[in-house]
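# Report on the structure
Given next are the chains, with one letter for each unit.
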Amino acid sequence: MIQPHLTSVVDLGALSRNVATIKSHVAGPEVMAVVKADGYGHGLLASARASIAGGASWLGVALIQEALEIRQANIDTRILAWLFTPQDQLVQAIKADIDLAVNSVWSVEQIAQAAKQAGQIARVHIKIDTGLSRNGVLTTDLAEVLRAISSPVNSANLNVTGVMSHFAYADEPNHPTVAKQLDEFTQAVDLVRASGFEPEVIHLANSAAIFGLPQTHFNLVRPGLTIYGVSPTPHLGSSAELGITPVMSLRAPIALVKDLPAGSGISYAHQYVTEKATRVALIPAGYSDGIPRAGSNVGPVLIAGSLLKIAGRVCMDQFVLDVGDLPVSIGDEVVIFGDPAKGEPSVDDWATATNTINYEILTRLGPRINRTFVNESR
Ligand SMILES: *Cc1c(COP(=O)(O)O)cnc(C)c1O
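All of these numbers come straight from a predicted model, not from anything done at the bench. (Residues numbered from 1 in each chain as written. Predicted model: local features only at pLDDT ≥ 70, side-chain atom pairs only at ≥ 80, totals over all residues. Heavy atoms only, no water.)

## Comments concerning the site of the ligand
Cut-off, in case you're wondering: The rule for a residue being near a molecule or strand is that one of its heavy atoms must lie within 4 Å of it. For this analysis, a polar contact is any N or O atom pair within 3.5 Å, provided that within protein one partner can donate a hydrogen and the other can accept it, and provided that sequence-adjacent residues contribute only side-chain to side-chain pairs. Per-residue and other accessible areas were derived by the Shrake-Rupley procedure at a 1.4 Å probe size, with only the shown protein chains allowed to occlude residues. Detection works on a 1 Å grid of protein atoms alone, calling trapped sets that fit a 1.4 Å probe cavities and calling open sets with protein on both sides within 12 Å along at least five of seven lines pockets, with lining residues defined by an atom within 4 Å of a point. Each molecule is checked against the cavity or pocket grid, and it sits inside if more than half of its atoms lie within 2 Å of the grid points.
The environment of the ligand is formed by 13 residues, the closest being Lys-36, Tyr-40, Ser-207, Leu-225 and Tyr-359. Residue Tyr-40 places a side-chain N or O atom 2.6 Å away from an oxygen atom belonging to the ligand. A distance of 2.6 Å separates an oxygen atom of the ligand from a polar side-chain atom of Tyr-359. Within the complex, the protein chains bury 95% of what would otherwise be the 390 Å² of accessible surface of the ligand. Counting atoms within 2 Å of the grid points, the majority share of the ligand lands in the largest pocket.

The structure is reproduced here in structure tokens:
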């Protein structure tokens, strides 16, 4: 059925199957489905529910606000939030049974105080910076953080539930930093255990590590991109080769079809000029919807069974296709990206054409898009 607007069709059955595929691929460890950033553009709550239906026993998010939104929808699965600032509602998070990552003595103290105020023990995951130099406590500072957790003022309010880290080069299995980070992580876990803690979960692997680095699975894995059916890197294989299916397709109806003479400059600054008399189709999707402006003249679109590149600049709300002799009419549907196994442009095709990564193509989609869920499990 044709929607009146730019539509993202989100196949929740595919999302559940992708999670189940990942779960059977890792064979043993539990799965924390990462649903941050509005489920990578697929919808936070729908992605959370479909992940659980597929066998995820944990949900991972960046922000406490995202975790609280999941709790407010009465989803009681374990949730970990790994990024917060002094502005965040730690007391509320602890009351809502949200696990929190600690990355410093400061965060240990903040969480312990909030837990006391909440009248509840806070579950924390020690996030180790093993070489990404982003979030997390450096291994050289770990002993100090462990002392803070064990100190009389804090210890009664904290439970060390997990130890985690994140790779800098998960998509390059042979990069020397991989072995080094794994080694630092293993030593950090040993130090946590030697300090008397018994973490329930040890987790390091994101999507690329799940498929490329089996030695990094421990007892919990954190897939994001792959639950949405997109391969983290071509050298691990396409979605189809990994056994996963793209969950989202982005579709739009044609808003106008008209004939133009040869030599017509199309869109702002006439970056495309018709070579001969031709027909063009107007598509109501633009950079405010997340269609990269860098896709001007290069972004691929499936229309009437043919893959065409956008003609001229992508504008805020619309772009143009030079359809030549293709049999197209107003209202016909075009596919901006979807499942390459069906001949549709992939998220990766868009990322390559616009010099970015597939993650950004998915998560930059704008609020005007009409999201339609299909195959939701009941
Ligand atoms: C986003 C994120 C993930 C998921 O990564 P993918 O590459 O999408 O699988 C896992 N862990 C952390 C800490 C993250 O920030």
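## Re helix 9 (residues 176-194)
Along an α-helix, residues three or four positions apart point the same way, because every turn accommodates 3.6 residues. Inclusion rule: Only DSSP runs of H or I covering at least 4 residues are called helices, and only runs of E covering at least 2 are called strands; the numbering of each starts at the N terminus. Multiplying 1.5 Å by the helix residue count minus one yields the expected span of that helix. With a 1.4 Å probe rolled over the protein chains alone, any residue whose accessible area is under 20% of its type maximum counts as buried; one over 50% counts as exposed, and the rest are partly exposed. Think of it as the arc spanned by the lines of direction from the helix axis to the C-beta atoms. Throughout, a residue-residue contact means that at least one pair of heavy atoms, one from each residue, lies within 4.5 Å.
The end-to-end C-alpha separation of helix 9 is 27 Å, in line with the 27 Å expected for 19 residues at 1.5 Å each. When helix 9 is considered as a whole, its buried residues turn out to be Val-178, Gln-181, Leu-182, Phe-185, Ala-188, Val-189 and Val-192. Looking straight down helix 9, one finds that the buried residues subtend no more than 125° of arc, so they occupy a single side. Away from its buried face, by an angle of more than 90 degrees, helix 9 presents the exposed residues Pro-176, Ala-179, Lys-180, Gln-187 and Ala-194. On its buried face, helix 9 is in contact with strand 6 (122-129), helix 7 (142-150), strand 8 (158-164) and strand 9 (201-203). In the segment just after helix 9, Gly-196 is the residue with positive phi, at about 100°.

## Some words on the pattern of salt bridges
Definition in use: One speaks of a salt bridge when a side-chain nitrogen belonging to Lys or Arg is within 4 Å of a carboxyl oxygen belonging to Asp or Glu.
Summed over the entire model, instances satisfying the criterion amount to 12 salt bridges. In this structure, Arg-364 and Glu-360 form a salt bridge, with 3.9 Å as the shortest nitrogen-oxygen distance. What you see here is one network of salt bridges that share partners, running through Arg-78, Asp-97, Asp-99, Arg-123 and Glu-200.

## Examining the nonpolar core
Rules: Definition used in this section: a nonpolar core is a set of buried Ala, Val, Leu, Ile, Met, Phe, Trp, Tyr and Cys residues joined via side-chain atoms within 4.5 Å. The source of the domain bounds is an automatic or database domain assignment.
Counting residues in hydrophobic clusters, the biggest one holds 119 residues, and the most contacted among them are Ile-111, Ile-126, Ile-303 and Phe-337. Taken together, domain 1 (12-228) and domain 2 (248-374) each give at least three residues to this core, which thus spans both. Beyond its immediate stretch of four places on either side in the chain, Ile-303 contacts Ile-254, Ala-281, Leu-308, Leu-321, Val-323, Leu-326, Val-328 and Val-334. Core analysis: the next-biggest nonpolar cluster, separate from the first, contains five residues, Leu-260, Ile-266, Ala-311 and Val-320 among them.

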